[in-house]
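# A look at the structure
The primary structure of each chain is shown beneath.
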Amino acid sequence: MIKKVQIYKRDKYNMLTVEVQGKSLVVREISDAWGEECHTFLSRPEMLAWAESRFQADRLEGGEAEREAILEKFRSI
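Attention here is on the structure that accompanies the text. If you're wondering where the values come from, they're calculated on a predicted model, not measured in any experiment.

Here we take up the sheet that holds strand β1 (residues 2-9). In space, the four strands of this open sheet follow the order β1-β2-β3-β4, with antiparallel pairing throughout. Whereas interior strands pair on both sides, the edge strands pair on one side only; in this sheet they are β1 and β4 (35-41). On average, each strand axis in the sheet is inclined to that of its neighbour by 20°, with strand direction left out of account. Helix-sheet contacts for helix α1 (residues 44-54) involve β2 (15-21), β3 (24-31) and β4, and the interaxial angle to β3 is about 25°. Running over the sheet, helix α2 (residues 63-75) touches β1, β2 and β3 and is turned about 175° from β1.

Within β3, six of the eight residues are buried, which leaves it mostly tucked inside the rest of the structure. Where β2 folds back onto β3 in an antiparallel hairpin, the turn is made up of two residues, including Gly22, whose phi is positive at roughly 65°. Pairing of β3 with β4, which is carried by seven bridges, proceeds in the antiparallel orientation. Opposite Ser31, over in β4, you have Gly35 as the bridge partner. In textbook terms, the turn of a hairpin is the stretch between consecutive antiparallel strands, and for β3 and β4 this stretch comprises three residues.

Before going further, it helps to examine the packing of α1 against α2. Put simply, α1 and α2 touch, their axes get as near as 10 Å, and they point 170° apart. In this view, α1 runs roughly antiparallel relative to α2, as classed from their interaxial angle. For the pair α1 and α2, contact is made by Arg44, Met47, Leu48, Trp50, Ala51 and Glu52 and by Arg67, Leu71, Phe74 and Arg75, respectively. Of the residues contributing to the contact of α1 with α2, the split by class is six nonpolar, no polar and four charged.

As enumerated under the stated definition, the model contains five aromatic pairs in all. Relative to Trp50, the ring of Phe41 lies with its centre 5.7 Å away and its plane at 45°, an arrangement referred to as tilted. Take Phe41 and Trp50: they sit in the same class, and that class is buried. Arranged with centres 6.1 Å apart and planes meeting at 40°, the rings of Phe55 and Phe74 form a pair that is tilted.

What counts and how
- Position numbers for residues count from 1 along each chain, tracking the sequence in the order it is written.
- Per-residue local features are limited, in this predicted model, to residues with pLDDT of at least 70; the limit for side-chain atom pairs, both in listing and counting, is 80 or more; totals at the level of whole chains, interfaces and linings are taken over all residues.
- Derived side-chain values reflect all non-hydrogen atoms in the structure, with water molecules and hydrogen atoms excluded from consideration.
- Pairing between two strands is assigned when DSSP locates at least 2 bridges connecting them.
- A run of H or I in DSSP counts as a helix once it spans at least four residues, and a run of E counts as a strand once it spans at least two, with each numbered from the N terminus.
- Every axis corresponds to a line fitted to the C-alpha atoms, with the helix fit spanning only the stretch in contact, and the corresponding angles, defined between N-to-C directions, vary from 0 to 180 degrees.
- We call two residues contacting when some pair of their heavy atoms lies within 4.5 Å.
- For every residue, the accessible area (1.4 Å probe, protein chains only) is compared with the maximum for its type, and the residue is labelled buried under 20%, exposed over 50%, or partly exposed between those bounds.
- Here is the rule for angles: anything less than 35 degrees is roughly parallel, anything more than 145 is roughly antiparallel, 65 through 115 is roughly perpendicular, and the remaining ranges are oblique.
- Lys, Arg, Asp and Glu make up the charged group, whereas Ala, Val, Leu, Ile, Met, Phe, Trp, Tyr, Cys and Pro make up the nonpolar group; the residues left over, Gly among them, are polar.
- By convention, a stacked pair of Phe, Tyr or Trp rings (six-membered ring in the case of Trp) has centres within 6.5 Å and planes under 30 degrees apart, an edge-to-face pair has planes over 60 apart, and any other such pair is tilted.

See the structure below:
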């Protein structure tokens, strides 16, 4: 069974989801600029380390508050 968790969705073309597929975690990043990118992680700590390095407050529109909200959703998986 696949469990799908939506991290954020700004519009039809900009979203990030995580699919829990047994032991692996598949992060799907869909962007109107780059298309779709998939990242597969074999452990939760590996995924969290990627998320912390990927989402930095200075690159997000909402700053530190948006970053913490995104990271909290990753931690809840």
